[in-house]
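So the chains spell out like this:
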Amino acid sequence: MKYAFRRLSALLLTMLIVSLCTFAAFSGISGSAAEARLGTQATPERVAALREELGLNRPFAVRYAEWLSGFATGNLGDSLTYRQNVGELLRDKVLVSLLLSGMSFALIVLCSIPLSLLVVRWAGTSLDVAHTLWNQFCMSVPPFFTGLLLSWVFGVALHWFTPGAFPGLSRTGEALHFLLFPAVAIAIPRIAMTVRMLRGTLLRELNRDYVRTAISRGSDRNSVLRRHVLKNALTPAVAFLAQMMAEIVAGVIVVEQVFGIPGLGRMLVVSISNRDYPVVQAIVVILAFWVVASNTAADLINVRIDPRLALRDE
Amino acid sequence: MSALTRASPFGMNREMMKRNYYLCAGLALTGVLAAVTLVGFFWTPYDSAAMSADKFLPPCAAHIFGTDNFGRDIFSRVMEGAGTSFMIALSTIVIGASGGIVLGAVTGYFGGLADEILIRVGDALTAFPSILLALVVISLLGPGKPVNLVISLGLVFIPGFARVTRAAYAEAREINYVKSVRLMGASHARIMLVHILPNTAPVLLSALTIGFNNAVLAEASMSYLGIGVTPPDASLGYMLSEAQSVFGRAPWYALSTGGVMILFLFGVGLIGEGLRVREGEIL
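Bear in mind that the values here come from a model prediction, so they are computed numbers and not experimental data.

Trainee: Just give me the short version of the overall build of chain B, but keep the residues and values in it.
Mentor: When its secondary structure is counted, chain B shows 10 helices and 0 strands. In chain B, the order of α-helices and β-strands from amino to carboxyl end is α-α-α-α-α-α-α-α-α-α. Counting all 283 residues of chain B, 49% fall into the buried class. Approximately 12,700 Å² of chain B is accessible, and the part contributed by carbon and sulfur atoms is 69%.

Here's what the structure looks like:
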């Protein structure tokens, strides 16, 4: 309980720092970007009026506090391009991106655990070399290239889905079907990384004394692997998978562009090109929060699995 | 592997190479690709920007990767694009590694408050997707210029290297050989540079290969998104975004561009794998 409280306050502190840095970085250039929009008609009076309208004349601390509370109330200021409230603009997009990253994450977990239990048996054989090469190859395939191939093979050639025509979240079944392809594209290299890491952890664990004892006592090798070794390899695996979330978000940003998914990543890229900083800073903080929150969740899950962890960093 | 053969951290003697197939294969693959890329800086079979009437030619003897929608020779474009990608990744790594190693060495060796702060900041930063950070920096600097791309990627790669170096230096500080040379009157700078740095080489080399691949991927992703390298320059990532729009007519464009990039990453990845095998690390 104390541990949970400590982790959650660390999460809040991290997010406060992240949001402050983001806001400070962008507030410096936000005003000039807005002025640039006035173009040649920028008389001093109009600039002053615009600064007043955007609230740039008020103290930094006030603007920051207002913006931060916007994450709770949904009022994050107006987009410079769309003349619309940032909160409203992003609401559906947040869900799409979170759904996509969640699906990739599920794929990674579901594929990498059985795969690593399989490949750990090959250690030291010639299959091991083949697997290492294949694994290394999968890690080298950029998600947007896989995405490009998938959208062509399954979209254009086989008509399983229509790239660029995301059905919207209200049609849940179709949306999940559509997102499966980008999720696979994101997951492939991450599955390879996870299998590699899990294989190493399992191998180290297999060299422990308790494994030798269990096997010499007559336990079946497979059940030792599943019942004892896998459990002990679980905490590092959970921590690793949580770190994977950062990688998944990176994949989401790029792959949304490949499949034409209206999510945060695409919005981020468009807004950077448009210099629409209110939108950019909101998206950055949302994505950062998603990553930091999944890391905190992993810590909390791990301490349930192995309560000794709570004592370690005291 | 005896202690003697490991005496030179950068040297790879023949016996070690013979057994380390990953390292050999990786070096060979990367070597071939790097050589072709290097040639591309001075000579390409065709002018990579020259358009011709031979649009959408499939791979043939005259154009081994075929031609694109403007009739440009794809092989020449790939040679040039790989050069751009390679140079950007290399400059990124030079900025990231030199910044990170200096920062990590000083804080790890001396410890104290700066060290404490660096750990916290580093922990927070490594939780973020590197592309997100790079996108933030590039949107602050202004997108569309290769220099800004290199600066933003370079800055983003500093914390990772600082973290690895710091850990190695903090560990080395407590070891007797460092204490001995200190008693013999060696200066801090000398200890850090001459005594500890060579011992961190295995860790750093491995971090360099991973970092290089991440840099190639990050550059490719950003150029694909249209925020990195923009025309008239071409990089592999930008070419893939071009190739996507003509995939139906000329699938060989995307396949050859992507294939070269994958082989590049695969080669460097194998080198990294080989380096870790050499250290006897359980993978």
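And the narrative resumes.
Trainee: Describe the packing of aromatic side chains, with residues and values.
Mentor: Tallied over the full model, the rule gives 13 aromatic pairs over all chains. Ring centres 5.0 Å apart and planes at 50 degrees place the aromatic pair Trp152 of chain A and Phe247 of chain B in the tilted group. Of the two residues, Trp152 of chain A sits in helix H6 (residues 143-157) while Phe247 of chain B sits in the loop between helix H9 (236-245) and helix H10 (251-278), which places them in two different chains. Owing to a relative accessible area of 28%, Trp152 of chain A belongs among the partly exposed residues under this scheme. On the basis of relative accessible area, Phe247 of chain B is assigned to the buried category, the value being 5%. Residues Phe86 of chain B and Phe212 of chain B carry aromatic rings whose centres are separated by 5.8 Å and whose planes lie at 65 degrees to one another, so their mutual orientation is edge-to-face. Taken as a pair, Phe86 of chain B in helix H3 (residues 74-110) and Phe212 of chain B in helix H8 (residues 188-224) lie far apart in primary sequence, 126 residues in all.

Trainee: Tell me about the pattern of salt bridges, and name the residues and values.
Mentor: One pass over the structure, following the stated rule, counts 13 salt bridges over all chains. The partner of Glu247 of chain A in a salt bridge is Arg190 of chain A, and the shortest N-O contact between them spans 3.4 Å. Here Arg190 of chain A lies in helix H7 (residues 172-206) and Glu247 of chain A lies in helix H10 (residues 234-259), a separation of 57 residues in the sequence. A residue is classified by how much of its surface remains accessible, and Glu247 of chain A, at 32% relative accessible area, is partly exposed. The residue Glu174 of chain B makes a salt bridge to Arg173 of chain B at a minimum N-O spacing of 3.3 Å. Counted as one network, the salt bridges with shared partners bring together Arg196 of chain A together with Glu273 and Arg276 of chain B.

Trainee: Tell me about a nonpolar patch on the surface, and name the residues and values.
Mentor: All names here are of chain B. Nonpolar side chains collect at one region of the surface, where Leu38, Val39, Phe41, Phe42, Trp43, Met87, Leu90 and Val94 lie side by side and expose about 840 Å² of accessible area between them. Listed by contribution, the elements that provide at least two residues to the nonpolar patch are helix H2 (21-42) and H3. The element contributing the most residues to the nonpolar patch is H2, with 4 residues. Note on placement: Val39 falls in helix H2. Looking at Val39, the relative accessible area reads 38%, which means it is partly exposed.

Trainee: Could you give me a rundown of the interface of chain A and chain B, with the residues and numbers involved?
Mentor: The partner chain B presents 37 residues to the 45 residues of chain A that form the contact. Carbon and sulfur atoms make up 79% of the area that chain A and chain B hide from each other, which totals about 3,700 Å². Here Arg196 of chain A makes a salt bridge to Glu273 of chain B, at a shortest N to O gap of 2.6 Å. The interface formed by chain A and chain B holds 6 residue pairs in polar contact (both at pLDDT 80 or more) in total. Those elements giving two or more residues to the side of chain A that touches chain B turn out to be helix H1 (2-38), helix H5 (126-139), H6, H7, H10, helix H11 (264-274) and helix H12 (277-305) of chain A. Considering each element in turn, the side of chain A that touches chain B owes the most residues, 8 residues, to H12 of chain A. Partitioning the side of chain A that touches chain B into residue classes produces 31 nonpolar, 9 polar and 5 charged.

Trainee: Break down the side chain of Asp306 of chain A for me, citing the residues and quoting the values.
Mentor: Residue and element names in this part refer to chain A. For Asp306, the position within the fold is in the loop between H12 and helix H13 (309-312). For Asp306, a relative accessible area of 12% puts it in the buried group. At 2.9 Å, the side chain of Asp306 and the side chain of Arg308 are in polar contact.

Trainee: Before we move on, could you go through the packing of H7 of chain A against H10 of chain A and cite the residues and values that matter?
Mentor: Residue and element names in this part refer to chain A. Where H7 contacts H10, the axes come no closer than 9 Å and their chain directions differ by 150 degrees. Accordingly, the angle class assigned to the pair H7 and H10 is roughly antiparallel. Here the hand of the crossing between H7 and H10 comes out right-handed. Residues Phe178, Phe181, Pro182, Ile186, Arg190, Met193, Thr194, Met197, Leu198 and Thr201 of H7 form the contact with H10, whose own contacting residues are Pro236, Ala237, Phe240, Leu241, Met244, Glu247, Ile248, Gly251, Val252, Val255 and Phe259. Across the contact of H7 with H10, the residue classes break down as 16 nonpolar, 3 polar and 2 charged.

Trainee: For the domain arrangement of chain A, give the residues involved together with the corresponding values.
Mentor: Residue and element names in this part refer to chain A. Per the domain assignment, the segments of chain A are domain 1 (17-86) and domain 2 (95-312). Taken together, the contact between domain 1 and domain 2 spans 18 residues of the former and 15 residues of the latter. Across the domain 1/domain 2 interface, buried area totals approximately 1,400 Å², and carbon plus sulfur atoms make up 72% of it. It is Phe26, Phe71 and Tyr82 that lose the most area in domain 1 upon contact with domain 2, and together they represent 30% of the buried surface on that side. Summed over the shared surface of domain 1 and domain 2, the result is 0 salt bridges. Scanning the region where domain 1 abuts domain 2 turns up 0 residue pairs in polar contact (both at pLDDT 80 or more). Contributing elements (two or more residues each) for the side of domain 1 that touches domain 2: H1 and helix H3 (60-73). If one sorts the elements of the side of domain 1 that touches domain 2 by residue count, H1 sits on top with 9 residues. Within the side of domain 1 that touches domain 2, the residues separate by chemical class into 11 nonpolar, 5 polar and 2 charged.

Conventions used here
Residues numbered from 1 in each chain as written. Chains lettered and ligands numbered in written order. Predicted model: local features only at pLDDT ≥ 70, side-chain atom pairs only at ≥ 80, totals over all residues. Heavy atoms only, no water. Helix = DSSP H or I, 4+ residues; strand = E, 2+ residues; numbered from the N terminus. Buried < 20%, exposed > 50% of the residue type's maximum accessible area, 1.4 Å probe, protein only. Areas by Shrake-Rupley, 256 points an atom, 1.4 Å probe, with all protein chains shown as cover. Phe/Tyr/Trp six-rings, centres within 6.5 Å; stacked < 30°, edge-to-face > 60°. Salt bridge = Lys/Arg side-chain N within 4 Å of Asp/Glu carboxyl O. Patch = residues over 30% accessible without salt bridge, like charges linked within 9 Å, V, L, I, M, F, W, Y side chains within 5 Å. Contact = heavy atoms within 4.5 Å. Buried area = accessible area lost by both parts, 1.4 Å probe. Polar contact = N/O pair within 3.5 Å; in protein donor to acceptor, adjacent residues only side chain to side chain. Nonpolar A, V, L, I, M, F, W, Y, C, P; charged D, E, K, R; others polar. Axes fitted to C-alpha atoms, helices over the stretch in contact; angles between N-to-C directions. Parallel < 35°, antiparallel > 145°, perpendicular 65-115°, else oblique. Left-handed = near helix turned anticlockwise from the far one by under 90°. Domains from an automatic or database assignment.

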